[in-house]
Amino acid sequence: MKTNRSFGLIILAASTIVLTASAQDDQREKRAKDIGDRIGTEVERFVNRFTQRWDARVEDDASVQDTSQRRVRQAVDWEDLESESDTHTYSTATLVADSEVVNGNIVVKGADLTVAGKVDGDVVVVGGNLRVRDRGVITGNARVINGDIIKDDGATIEGYEDRTSAQSTRYREPRRRFTHGATSFDVPWLTESTSYENVLFRYNRVEGLFLGLGTEKKYYWEGQRHWNAYGSVGYGFKSHAWRGNLGLARQFALRNSDGHELLELGVEGYSLTDTKDQWIIHPMENTLAALLMHEDFRDYFKREGYTVHVAYYSARDNFRSEASVAYSADRYDSLSNKVDWALFGGDKRFRVNPAIQPDRIHNITGSLGLNTVTRYSGGDEGWNITATAEFAKRSYGGDAEFDRYILDLRRFQPLGRYENFNIRVRGGSASGVLPQQRVFDMGGLGTLNAFPFKSQPRNSQPRNSQPRNRMLLMNAELVLNGAALDDLEFWPTWLFRHFNFLLLSDAGFTRSVPTRLDPNEGFDGVTWKEFRHDVGIALSNRTGSFRIGVAWRTDVAAPVQFILRVNRPF
């Protein structure tokens, strides 16, 4: 039914564009614009719902109770509010800056909203907190579901203020989102083993269909609980193997006036179908690619063992950070292809999953993460920086000995009302002999979009020689919202303000250098000719989570590569 509806929306949208372009009288033009606004909103809602988490449950309808005494008015149903053409919807931490004016309503789901400027409309926050700064103004109503309203001296909310529990609302998102604001840690570097959905569903070439149950890790910032258990269990129907993990953490809340802090001690045991490609593609996006396109963009290996760690987390208004040290004792082994079936894809076959050397790796890993990314009405702004240093030694009890470092730096920079510039720089270096599951790869989806997947660099040597132990990758995108062209009389702004145009560029290389070199060596003599480069264009929804486009190489004549993503690449 949803598919038929989406096709219908596309047909209606095309018809409305023609109608708008040909209308001569003001009354017809206004009627076409109203219809178009509704269609554009519905298209964006469909895309956003498609790319959200996949375990959504429908909560029973319940009457909404207005607890405010400030205005005699029924509380606005949040779903009705979101469907209005002038409503802006976000699912990450959002800031209305001091000098910013948002004309319309704002709905924020599963994150916090800070208003330092002016919102000319209603505000709804679900599973997060609303904070209004000293000169912040909300001309309409403010409603928070499973969160709090924090007002600085001088803050203004002209309508009513309503705090509602999840049990008394008609909000139809997964239950896990209701408690998101109180027990979540909204950063991009979380591992998959700590952020499982309640229902696990995946499909890949080494397990076939995998079904299971999971519980994500929670962060008790307010000290509600001291112990947190998380984990998963599931079964691969073609690998005929059970996989799962179980973690237990003791948390110490260190709340202060500036924000929240946690100190944590934890242990986790696991038997996993693991991959080093988590940074390239989300597991659900990879499942869709395997099922629908006969493409599996991950390589897999078996990993069994345990990890103990100590970590520090902090969460303030626009700053989140993590510092951790962990000791792991793992045993690795190869996994082979078990299926070669997909709904579509013609005569394509899955790539052979690369074999690894069975061995034990005992290591100490230090990690640091810093995040200041805030979602504005026009796009993202801020930094995201992650760094890891891994030290594997035979003296720790394992078979491997190497040091491996990765730095990932991302900047999201608004350039104006309608444009953003986003860039990622990722570098890796290692000393010692890297096992196959630690080697640096590049090419294809998420790295160099116009090149074959995990293709070798120009200066590469045969596979049986030195492993690739140096890497440098740069991805950039210039984002332009469709409303930037609204001066054109014939331009259907009512539709394209829901979409962005993207100009893409990727560049990177990998190297194989002697294992005796220190990690800070081996990058000398780099020239532009050593980089592989491509450019591309794409169309995306407002958040960039869904995009479709093409990319082509700049070094040689090669077929254009098609891009289809249902998650942001970075």
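Thresholds, definitions, all that
Residues numbered from 1 in each chain as written. Predicted model: local features only at pLDDT ≥ 70, side-chain atom pairs only at ≥ 80, totals over all residues. Heavy atoms only, no water. Pairing = 2+ DSSP bridges. Helix = DSSP H or I, 4+ residues; strand = E, 2+ residues; numbered from the N terminus. Buried < 20%, exposed > 50% of the residue type's maximum accessible area, 1.4 Å probe, protein only. Lys, Arg positive; Asp, Glu negative; His and termini not counted. Salt bridge = Lys/Arg side-chain N within 4 Å of Asp/Glu carboxyl O. Axes fitted to C-alpha atoms, helices over the stretch in contact; angles between N-to-C directions. Phe/Tyr/Trp six-rings, centres within 6.5 Å; stacked < 30°, edge-to-face > 60°. Lys NZ or Arg CZ within 6 Å of the ring centre and 35° of its normal. Patch = residues over 30% accessible without salt bridge, like charges linked within 9 Å, V, L, I, M, F, W, Y side chains within 5 Å. Areas by Shrake-Rupley, 256 points an atom, 1.4 Å probe, with all protein chains shown as cover. Contact = heavy atoms within 4.5 Å. Core = buried A, V, L, I, M, F, W, Y, C linked by side-chain atoms within 4.5 Å.

1. Points about the pairing of strand β15 (residues 208-215)
Working step 1: Note that strand β14 (residues 199-204) and β15 share six bridges and pair antiparallel. When the sheet's bridge partners are listed, Asn-204 is paired in β15 with Gly-208.
Working step 2: Counted between consecutive antiparallel strands, the loop separating β14 from β15 contains three residues.
Working step 3: Pairing of β15 with strand β16 (residues 227-236), which is carried by six bridges, proceeds in the antiparallel orientation. In the sheet register, Thr-215 faces β16, and the bridge partner there is Gly-231.

2. Let's talk about unusual backbone geometry
Working step 1: Even without being a glycine, Asn-146 presents a positive backbone phi close to 55°.
Working step 2: Structurally, the position occupied by Asn-146 is in the loop between β10 (142-145) and β11 (149-151).
Working step 3: For Asn-146, a relative accessible area of 28% puts it in the partly exposed group.
Working step 4: Despite not being glycine, His-294 shows a phi value in the positive range, around 60°.
Working step 5: Structurally, the position occupied by His-294 is in the loop between α6 (283-293) and β19 (301-315).
Working step 6: Exposure remark for His-294: the relative accessible area of 5% places this residue in the buried category.

3. Re the side chain of Asp-534
Working step 1: With respect to the helices and strands, Asp-534 occurs in strand β28 (residues 532-541).
Working step 2: Of the side chains with opposite charge, Arg-553 comes closest to the buried, unpaired Asp-534, at an N-O distance of 7.6 Å.

4. A closer look at the sheet that holds strand β13 (residues 161-164)
Pairing between the strands of a sheet comes from backbone hydrogen bonds, and it takes one of two forms, parallel or antiparallel.
Working step 1: Pairing in this open sheet of five strands is parallel, and the strands run β1-β4-β7-β10-β13 from one edge to the other. Each edge of the open sheet is held by one strand with a lone partner, namely β1 (87-90) and β13. Here the average twist between neighbouring strands, direction ignored, is 10°.
Working step 2: Here β1 runs beside strand β4 (residues 105-109); their pairing, made up of four bridges, is parallel. For Thr-89, the partnering residue across the bridge sits in β4 and is Val-107.

5. Observations concerning the packing of aromatic side chains
Working step 1: Applying the stated criterion across every chain yields a total of 19 aromatic pairs.
Working step 2: When the ring of Phe-297 is compared with that of Phe-453, the centres are 5.5 Å apart and the planes differ by 70°; the resulting orientation is edge-to-face. With a gap of 156 residues between them, Phe-297 in the loop between α6 and β19 and Phe-453 in the loop between β25 (419-432) and β26 (470-481) connect regions that are remote in the sequence.
Working step 3: When its relative accessible area of 18% is taken as the criterion, Phe-453 is described as buried.
Working step 4: An angle of 50° between the planes, with centres 6.2 Å apart, marks the rings of Trp-491 and Phe-501 as tilted. Here the residue Trp-491 occupies a position in the loop between β26 and α7 (493-496), and Phe-501 occupies one in strand β27 (residues 499-511), the gap between them amounting to 10 residues.
Working step 5: Since its relative accessible area comes to 18%, Trp-491 is described here as buried.
Working step 6: Through pairs of rings, three or more aromatic residues link up here, namely Phe-185, Trp-189, Tyr-219, Trp-221 and Tyr-313.
Working step 7: Across the ring face of Phe-210, the terminal group of Arg-202 is positioned such that the distance to the ring centre comes to 3.7 Å.
Working step 8: Here the basic side chain of Arg-426 rests over the ring of Trp-279, its NZ or CZ set 4.0 Å away from the ring centre.

6. As for a nonpolar patch on the surface
Working step 1: Together, Leu-292, Met-293, Trp-341, Leu-343, Phe-344, Ile-548, Phe-562 and Leu-564 line one region of the surface with nonpolar side chains, adding up to about 800 Å² of accessible area.
Working step 2: If you trace the backbone, Trp-341 turns up in the loop between β20 (320-334) and β21 (359-371).
Working step 3: Of the residues examined, Trp-341 reaches a relative accessible area of 47% and is grouped as partly exposed.

7. Here's the deal with α6
An α-helix turns once every 3.6 residues. As a result, residues three or four positions apart point the same way.
Working step 1: Every buried residue of α6 is listed here: Met-284, Glu-285, Asn-286, Thr-287, Ala-289, Ala-290 and Leu-291.
Working step 2: Those residues of α6 that are buried are in contact with β14 and β30 (561-565).
Working step 3: Positive phi appears at His-294, one or two residues downstream of α6, with a value of about 60°.

8. Structural notes on the nonpolar core
Working step 1: Counting 31 residues, the largest nonpolar core has Phe-297, Ile-361 and Phe-402 as its most contacted members.
Working step 2: Elements with a minimum of two residues in this core: β24 (402-414), β26 and β27.
Working step 3: In this structure Ile-361 touches Ser-328, Ala-329, Asp-330, Tyr-332, Ala-392, Ala-400, Phe-402, Pro-435, Gln-437 and Arg-438, once residues within four positions along its chain are discounted.
Working step 4: In this structure, Val-96, Val-108, Ala-111 and Leu-130 belong to the second largest nonpolar core, which totals 19 residues.

9. A closer look at the pattern of salt bridges
Two side chains carrying opposite charge are able to pair once their charged atoms lie near each other.
Working step 1: As enumerated under the stated definition, the model contains 35 salt bridges in all.
Working step 2: Between Arg-468 and Asp-441 there is a salt bridge, and its shortest N-O distance comes to 2.7 Å. Taken together, the residues span a long stretch of sequence, with Arg-468 in the loop between β25 and β26 and Asp-441 in the loop between β25 and β26 at a distance of 27 residues.
Working step 3: The partner of Glu-530 in a salt bridge is Arg-511, and the shortest N-O contact between them spans 2.6 Å. Of this pair, Glu-530 sits in the loop between β27 and β28 while Arg-511 sits in strand β27, placing them 19 residues apart in sequence.
Working step 4: What emerges from the salt-bridge pattern is a single network uniting Arg-205, Lys-276, Asp-277, Asp-296, Asp-299, Arg-351, Asp-441, Lys-454 and Arg-468.

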